[in-house]
Amino acid sequence: MVTVPTIGLNNGVAIPQLGFGVFQVPPAETQQAVEAALEAGYRHIDTAAAYRNESGVGAAIRSSGIAREDLFITTKLRNGEQADARRAFDNSLHELGLDFVDLYLIHWPVPSQNLYVKAWQALEEIYTEGLSRAIGVSNFLAEHLQTLLAAGGTVPAVNQIEIHPTFQQRDVAALSRRHGIAVEAYSPLGQGADLESRTVTAIAAKYLATPAQVVLAWHLANGNIVIPKSANPDRMAKNLAAARLTLDPEDLAAITALDAGDRVGADPATAAFTQL
C-alpha cells in the first residue's frame, strides 16, 4: 500500500494530498470506478453535485467496508443552487448516504449572480453544525477570494483551482496560501495534454516513471493537493505510486518552466452556467 502524505488544513483537519476525482465519470460507472480506486489505496474521493454521480460514490463507500473515519470525501455546491445552499447540501448528503462530508466547496464563484458570499454564510452554518469537517471554495480568483475574506467570518480551508504544468495560476495560489488556504489542483495533468511535453517525457524516462507520475510528483513537491481521474485500475495504481517519486530540483524547475497560460477549463471571471 502506498503511503500518501497529508496536508493539515487551517482548522487542523488532515487531507490526503493525493486523491481520486470523479469528474466526467458516468453515473452508471462511478461505483465501479470508486471501488477500484479504494482497492488501489485511495482514501480521498472528490465528487460534486454537478457531476451527478454522488450516489455512485456513496455506494462504493458502503461496499468497500472501509471505516468512514479512514476516508476523506469532498463534494461541491452547484452554481444554480447558491441561493439555497443548505437544501443543496442536504441533497448531497442524501445522495452520498453519509452523515457528514469532510470538505464542502462552492464550486464556482459565478460573479454575475453575486451570491457566493451568501452561499458562504450557509456553508459556515453547515460547518458549525459539524456536517462538514471543513469548507472551502473552488475556481475562486483573487478578486473573489478578496471579496469573501473582506466579508469576515471563516477563512476557506481550500481553494480548488485548475493547475497543471502549462497553467499554474501562481498569483491565485500564492494569495490563497498567504491566507492559510490550501491549494488543490484539478485537471492536474492538463486533461492529458501536458503529458505530451518533451520535457515531461524526458524526465519520465530518467526516473523510469510514467509522464503522469512525474507531473503528479511535481504537484506534490509544490504542496498542491491533487485529484487525478482515471477509469483504468492499472493507471489508478500508477498515479497513486507518484507519492513515492521524488524529483530532483532541476527537474522540478524544468516542469515549472512549462507555464504558458494554457487554461483548459472555463474562466471563473465569466463562467455563469447553472450546472442544473
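Look up a bit, the structure's there.
Reading guide: rules and limits
- Residues numbered from 1 in each chain as written.
- Predicted model: local features only at pLDDT ≥ 70, side-chain atom pairs only at ≥ 80, totals over all residues.
- Heavy atoms only, no water.
- Phe/Tyr/Trp six-rings, centres within 6.5 Å; stacked < 30°, edge-to-face > 60°.
- Helix = DSSP H or I, 4+ residues; strand = E, 2+ residues; numbered from the N terminus.
- Buried < 20%, exposed > 50% of the residue type's maximum accessible area, 1.4 Å probe, protein only.
- Lys NZ or Arg CZ within 6 Å of the ring centre and 35° of its normal.
- Contact = heavy atoms within 4.5 Å.

A. The arrangement of the packing of aromatic side chains in detail. Enumeration according to the criterion identifies five aromatic pairs in this entry. Centroid distance F20 to Y42: 5.5 Å. Interplanar angle 55°. Geometry classified as tilted. Placement of F20 in strand β3 (residues 20–21) and of Y42 in the loop between α1 (27–40) and β4 (44–46) is noted, with a sequence separation of 22 residues between them. Like F20, the residue Y42 is buried in the burial classification. A centroid spacing of 5.2 Å and a plane angle of 75° characterise the contact between Y116 and F140, whose relative ring orientation is edge-to-face. Of the two residues, Y116 is situated in helix α4 (residues 116–128) and F140 in the loop between β7 (135–138) and α5 (142–150); the sequence distance between them amounts to 24 residues. The same class applies to Y116 and to F140, which are both buried. Between the NZ or CZ atom of R68 and the centre of the ring of F100, over which it lies, the distance is 4.2 Å.

B. Geometry of helix α8 (residues 211–221). Within α8, nine of the eleven residues are buried, which leaves it mostly tucked inside the rest of the structure. Within α8, burial applies to A212, Q213, V214, V215, L216, A217, W218, H219 and L220. Buried residues in α8 make contact with β9 (182–186), α7 (198–207), β10 (225–226), α9 (233–240) and α10 (249–256). Where α8 ends, the next residue or the one after it, G223, has phi of about 85°, a positive value.

Coordinates in, geometry out; function isn't part of it.
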